[in-house]
Amino acid sequence: MASAPKKKNAAARAIRAPTKSVLVKAAPRASFVTPETLAEEVESAVAPMAEAQQSFRNAVEKRVADPRAAFAKARTAADEATSAFEVSFAAAKHGAVAINAKGFEALRANADANFDFLKAVFAAKSLADVIALQAAYARKQVETFASQSKDLGALTQKAMADAVEPIKEQVAKSFKIAV
């Protein structure tokens, strides 16, 4: 039994022996490194890295420049649209003021006609004169109302066209549609 453990030790030594005998030796190093040699080695390692950094920087700049240009275009279009709406609202305001002025002018003319009719009725001598005055007044008021309606309609059309024109031009410009 004593011989068995010796065989085991011999076998273990045989397995360990190749690992101990195989040694990797490092290549001999240069005994002296000059600054020029070191600079060349650093430069040769840094050059590809700098090239990669530059290509990455160019790619990032392009990625940033494209959205900036798109944003600038969108902002310009928004500013132009805003100014078109401002012009449109100003034209609508002026048109509304003109329509209101024309309406008040028509009201004043109708009120004056009513007072003139009442003066004529009170000055009438007979019922036949009152009926004749009433017929003439009614005919004149219908003609006046038709004329006033026509004027107000034309003024309203002009005001709406003036108000819509800046927006129409801006939409055509934005979408590059020929008007």
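(A) Up close: the overall build of the protein. Along its length, the protein carries three helices and zero strands. Along the protein, helices (α) and strands (β) appear in the sequence α-α-α when read from the amino end. By residue count, 9% of the 179 residues in the protein fall in the buried class. The long-range fraction of contacts in the protein, counting pairs at least 24 apart against all pairs at least 6 apart in sequence, stands at 75%.

(B) Focus on the packing of aromatic side chains. Following the criterion strictly, the structure yields two aromatic pairs and no others. Geometrically, the ring pair formed by F117 and Y137 is stacked, given 4.4 Å between the ring centres and 20° between the ring planes. One end of the pair, F117, is in helix 2 (residues 35-123); the other, Y137, is in helix 3 (residues 127-175), with 20 residues separating them in the sequence. Judged by its relative accessible area of 18%, Y137 is buried.

(C) Fine view of the pattern of salt bridges. Inspection of the entire model under this criterion finds three salt bridges. Among the ionic pairs, K102 bridges to E105, the shortest N-O distance being 4.0 Å. Residue K102 and its partner E105 are located together in helix 2, separated by three residues, close to a single helical turn.

(D) How the structure looks around a nonpolar patch on the surface. A cluster of nonpolar side chains, F56, V60 and V64, forms an exposed patch at the surface whose accessible area comes to about 260 Å². Among the secondary structure elements, V60 is positioned in helix 2. Among the residues examined, V60 registers a relative accessible area of 35% and is labelled partly exposed.

(E) Molecular detail of a negative patch on the surface. Taken together, E36, E40, E41 and E43 make up a surface patch of like negative charges. Looking at the element boundaries, E36 is found in helix 2. Look at E36 and you get exposed, because its relative accessible area is 53%.

(F) Main features of the environment of G95. Its location among the elements puts G95 in helix 2. Its relative accessible area of 10% is what places G95 among the buried residues. A C-alpha to C-alpha distance of 4.5 Å links G95 and A159, two positions 64 residues apart in sequence.

(G) Representation of the side chain of Q170. For Q170, the position within the fold is in helix 3. Residue Q170 is classed as buried on the basis of its relative accessible area, which comes to 11%. Contact partners of Q170, with chain neighbours within four places excluded, come to A77, E80, A81 and A84.

(H) Quick peek at helix 3. The end-to-end C-alpha distance of helix 3 is 70 Å, a good match for the 72 Å that 49 residues give at a rise of 1.5 Å each. Considered for burial, the residues of helix 3 that qualify are Y137, Q141, Q148, A159, A163, P166, Q170 and A172. After helix 3 finishes, the residue K176 shows a positive phi value of roughly 55°.

(I) View of the confidence of the model for the protein. Averaged over every residue, the pLDDT of the protein is 80; the share at 70 or more is 79%. Element-level mean pLDDT values for the protein span from 52 in helix 1 (residues 3-21) up to 92 in helix 3.

Rules used throughout
- Residues numbered from 1 in each chain as written.
- Predicted model: local features only at pLDDT ≥ 70, side-chain atom pairs only at ≥ 80, totals over all residues.
- Heavy atoms only, no water.
- Helix = DSSP H or I, 4+ residues; strand = E, 2+ residues; numbered from the N terminus.
- Buried < 20%, exposed > 50% of the residue type's maximum accessible area, 1.4 Å probe, protein only.
- Contact = heavy atoms within 4.5 Å.
- Phe/Tyr/Trp six-rings, centres within 6.5 Å; stacked < 30°, edge-to-face > 60°.
- Salt bridge = Lys/Arg side-chain N within 4 Å of Asp/Glu carboxyl O.
- Patch = residues over 30% accessible without salt bridge, like charges linked within 9 Å, V, L, I, M, F, W, Y side chains within 5 Å.
- Areas by Shrake-Rupley, 256 points an atom, 1.4 Å probe, with all protein chains shown as cover.
- Lys, Arg positive; Asp, Glu negative; His and termini not counted.
- Charge placed at Lys NZ, Arg CZ, Asp CG, Glu CD.
- Expected span 1.5 Å × (residues − 1).
- pLDDT = per-residue confidence, 0-100.

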